[in-house]
Each structure stands twice: as structure tokens, then as C-alpha cells.
Amino acid sequence: MQAETIVLKNGTKIVVDSVHEENGKVRYEIGDDSYAIPKSAVDHIDSFGSASASRRSAAVPDFVPKTTEPTFSSNVSVNVIKDDRVDDAEVAKAEASGDDDVAAVANAQAGRFSLEQGDRDAAVRYFDRALRFEPNNATVLINYAATLVRIGRPQDGLPLAERAVRAAPESPDAWAVLGYARLQADRAKDAVTAFEKSLRLRPDPGIQEFLARARREASAGADFVDAESAHFTLRFEGHSVQSGLTRSILEQLDGDYDSLVSELGTAPAGSITVILYPEKDFFDVTHAPTWSTALNDGKLQIPIRGLTQMNGELARVLRHELTHSFVNQISRGRCPLWLNEGVAQLMEPRTTASAGSMLARVFSQQKEVPLSSLEQSLLGLDDAGAAIAYAESLAAVEYIHETYGMSDVRRLLERIGRGDSTEAALRGTFNVGYGQFEQDIATYLASKYGN
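J.: Residues and numbers for unusual backbone geometry, please.
T.: Between E348 and P349 the backbone carries a cis peptide bond, its omega angle lying at 10°. With respect to the element layout, P349 can be found in the loop between helix 13 (337-347) and helix 14 (356-364). Despite not being glycine, D84 shows a phi value in the positive range, around 60°. Among the structural elements, D84 can be located in the loop between strand 8 (81-82) and strand 9 (85-86). You can call D84 exposed: its relative accessible area is 59%. Positive phi, close to 55°, is recorded for R332, a residue that is not glycine.

Here it is in C-alpha cells:
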């Protein structure tokens, strides 16, 4: 039987077996028992299982500096981009020229091109080589720091951003990337200062949004205290969260960390920050949609809703959000949303059982939302649209897992991390494009749930 969730206006959520409206009341059944509540007390009703367990958002912020070409006192003319790709022979030629400026520009140009193409691993390599020739070039430092933060290494990006500010104190991009690195390294108060400086030098609506977010995080975290384990830093209001719960959360996360390393074959770099919020503060700070019950934007941000001890639902939320950190590490921050959310749901673990019949029917009628349109954020969707998007995402990854195995899930993520488009990664891993992939999912769902 398909479970549904009644969400009351006071925030209470009731998971039920079935629900219907009758004479101004919402009537629902749990097992053999029936209940009724006034319709006026209900905010909305979620289908496809508990919304609190299935609807989350992985929204890692991005920042691509406007500063692109390194500048030197002498005029340096280099072009290592040929036929829409990096010509490594030209890069090697520039390095062999004996001119540090030429070598630095060649590598910086290759790094910037790779960054714009989404190949962040290559960008890191080229920027790192550029700094060997010109260690204090602000343009290289800015772009290198931004790339490191984007792939989940803000602590490595911070010293580069600080060097960029020292090298170019009047550069708005240098201050912006410093704010960006500080924000992702959980130094929101310091990030505010950097973003403000950047905006004084050059107005920018994107940086203004980062500043607003940094201010919200700094305000909400003013009274937070920390607890740590081998892989996590847990931040929370000391007076509102019981110590037993924080210990349980760290133990749960450490166990999940080891399990996910075994499942996915790699681990995020550095310590992972986890922030616990009272529910109102969570939405005030993150501006997450109402259907979201947790957020991973490089930090795990979890509303605890007055909990005093670990329960199954919180355990699933933690494992789901932590999975996003692993997926982002493997894919170098390039994972399409449907794949990211599908893997996270699979790892909870969750199956398509509750929505299987509906999904089989939707796919058989070719009324599914195309996966290619689910590569980006779901933040503009309403509750019903988000539920369907998450259900389809799980179906896609469940099909891959049951048909090919977890090793091919990893291979797909790795191809995307190396810079392949999602369609190219699908073809490289399974020899199918989006169209055939969706037909294969339809066949899988029909065999499992069809009449």
C-alpha cells in the first residue's frame, strides 16, 4: 500500500496508509484504525511515501570568477586552445620556452578553459602548474581557489584566496572568492567581511546573494558550539540540543561514512561540517523550499525539530545528505540532480516500492518528466512536481543498480567527474543515450510493477 503524509499547519507530520477528504474533514487510516481532523488544520498532503524522508536538495553553490587572463608587465601572447580542446603539446611547448610568464599563461588558459567546460580535475592540474611558474599571480590564485572550493576542498582553497587578496587587494573577484571559501569552510562571519569588500569594489547580484546567505548563517550560528569526530564537525545551539543526541548523530555519521566508503569506493576530502537547526531557523537561514527537510550545500544542514534522541527518520536523513558529499566528491561537483538524488535515496536505503505502480504507468504512457530536464535544481518545483522528480530519480538509479551493479553507478559518476556530459557518460558506461535509457527504465518498471 502506498503511504502518504499529512502535513499540518503547525508543522506536525502524520504518515498514514490512506487519506481522503469528506464533509470538511480529512479522514485517514493507519492499519485498522480510522481518524479524522478538520481540513482547516491541514497544510498539504504528500504522496509517494514520507516527504520528510524523500525530498531533499543538494544545492552546492557555484562561483566562477570574471577574471580570466593573467596579466604581466610584458605582453605575453599564448593560445593553447585548439579545435575546442586543450592542446597539451602547446602547453608543453610553452613550459619548455624558458619564459615563466609564457608557461604560466599557457597553464592558466588551459585551466580556465577546463573550468568552463566542467572538467574541474583538469582545471586543478593546470592551475597548480601555473602557480609553479608564477606563484603570486592573482588571476591564477583566484581561479584555482574557486575550483578547489567547488569540488569540496574549501580548506585548501582558503590560503590561495588569501594570497590572491594580498596580491590584488583591489580585485572584487579576489575578495569574492575569499568570501566563498570562508563560507564553505564554515566561517560565515569572516565571509561577510570579504563579500562586503567585493561589493564595494564592484556591485554584483550573485555576490549579493552570497552575502545575504553568509549574514543569515553568521546570525544563526552566533551561539553555536562544536563537537567533533574523526570525519565530522557538528555545530549546534548548546542550550537546545541534548548532548546524548549529538553523540548519537556523530556515531551514526561515522558509521555511515565507513559504509559509504565501502559502497562508493572513495571519500570526501577533509572534515565535513554538519549544522543542526531548529526548524524555523533552518528555513530562515537556507531559504530552502517548504518540501525540503535537509540541505547539503557543501555543509550538511539538518533541522532537528525538537528531537531529543536518534530515530529512524533522522538516521535516513543523515545518510541521505552524507551520500551527496560522496557523490559530489566522485563527480567533482558535476553530478546531474536526478543522479545525485537517486543515489542518495538508494543509499538511505529506499526503494520504488511505494510508487512503483504509479511510475510504471507514467513511463508506459510516456508521461514521465524527461531526465534531461532534471539535471539542474528542483527548487522551482511545487510539492507534487518535486515528489515525481524524486521518484523518477530513484527509479533511474535503482534500475542501474539492479541491472548493472554499484560498480557501474560509480563508473557513471566518475565519467561525469572527468568532464563528460551526462548523455556522453551514459553512452560510455551503458552504450545508451537518454532516450533509450528512459525506455529501459520503463521496461524495468513494467516487469517489476506492471499489470
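Moving on, there is more to tell.
J.: Now, about the packing of aromatic side chains: what can you tell me, with residues and values included?
T.: Counted by the stated rule, this structure contains 11 aromatic pairs. Seen from their ring centres, W338 and F437 are 5.8 Å apart, and the 40° between their planes marks the pair as tilted. Residue W338 is located in helix 13, and its partner F437 is located in helix 18 (residues 434-449); the two are separated by 99 residues in the primary sequence. Side by side, W338 and F437 carry an identical accessibility label, which is buried. Ring geometry for Y399 and Y404: centres 6.2 Å apart, planes at 85°, overall edge-to-face. For Y399, a relative accessible area of 7% puts it in the buried group.

J.: I'd love a proper account of the pattern of salt bridges, names of residues and values included.
T.: Counted according to the given criterion, the structure contains 21 salt bridges. The residue E196 makes a salt bridge to R215 at a minimum N-O spacing of 2.9 Å. Taken together, the residues span a long stretch of sequence, with E196 in helix 8 (residues 188-201) and R215 in helix 9 (residues 205-220) at a distance of 19 residues. Among the residues examined, E196 registers a relative accessible area of 26% and is labelled partly exposed. A salt bridge links D297 to R213; the nearest nitrogen and oxygen atoms lie 2.6 Å apart. With D297 in the loop between strand 13 (295-296) and strand 14 (300-303) and R213 in helix 9, this pair connects stretches of sequence that are 84 residues apart.

J.: Describe in detail the packing of helix 5 (residues 138-150) against helix 6 (residues 154-167), supporting the description with residues and values.
T.: Where helix 5 meets helix 6, the axes come as close as 8 Å, and the angle between the chain directions of the two elements is 160°. Relative to helix 6, the element helix 5 is oriented roughly antiparallel. The chirality of how helix 5 crosses helix 6 is left-handed. For the pair helix 5 and helix 6, contact is made by A138, L141, I142, Y144, A145, L148 and V149 and by P154, D156, G157, L160, A161, R163, A164 and A167, respectively. In terms of residue class, the contact of helix 5 with helix 6 is made up of 12 nonpolar, 1 polar and 2 charged.

What counts, and where the lines are drawn
- Residues numbered from 1 in each chain as written.
- Predicted model: local features only at pLDDT ≥ 70, side-chain atom pairs only at ≥ 80, totals over all residues.
- Heavy atoms only, no water.
- Helix = DSSP H or I, 4+ residues; strand = E, 2+ residues; numbered from the N terminus.
- Buried < 20%, exposed > 50% of the residue type's maximum accessible area, 1.4 Å probe, protein only.
- Phe/Tyr/Trp six-rings, centres within 6.5 Å; stacked < 30°, edge-to-face > 60°.
- Salt bridge = Lys/Arg side-chain N within 4 Å of Asp/Glu carboxyl O.
- Axes fitted to C-alpha atoms, helices over the stretch in contact; angles between N-to-C directions.
- Parallel < 35°, antiparallel > 145°, perpendicular 65-115°, else oblique.
- Left-handed = near helix turned anticlockwise from the far one by under 90°.
- Contact = heavy atoms within 4.5 Å.
- Nonpolar A, V, L, I, M, F, W, Y, C, P; charged D, E, K, R; others polar.

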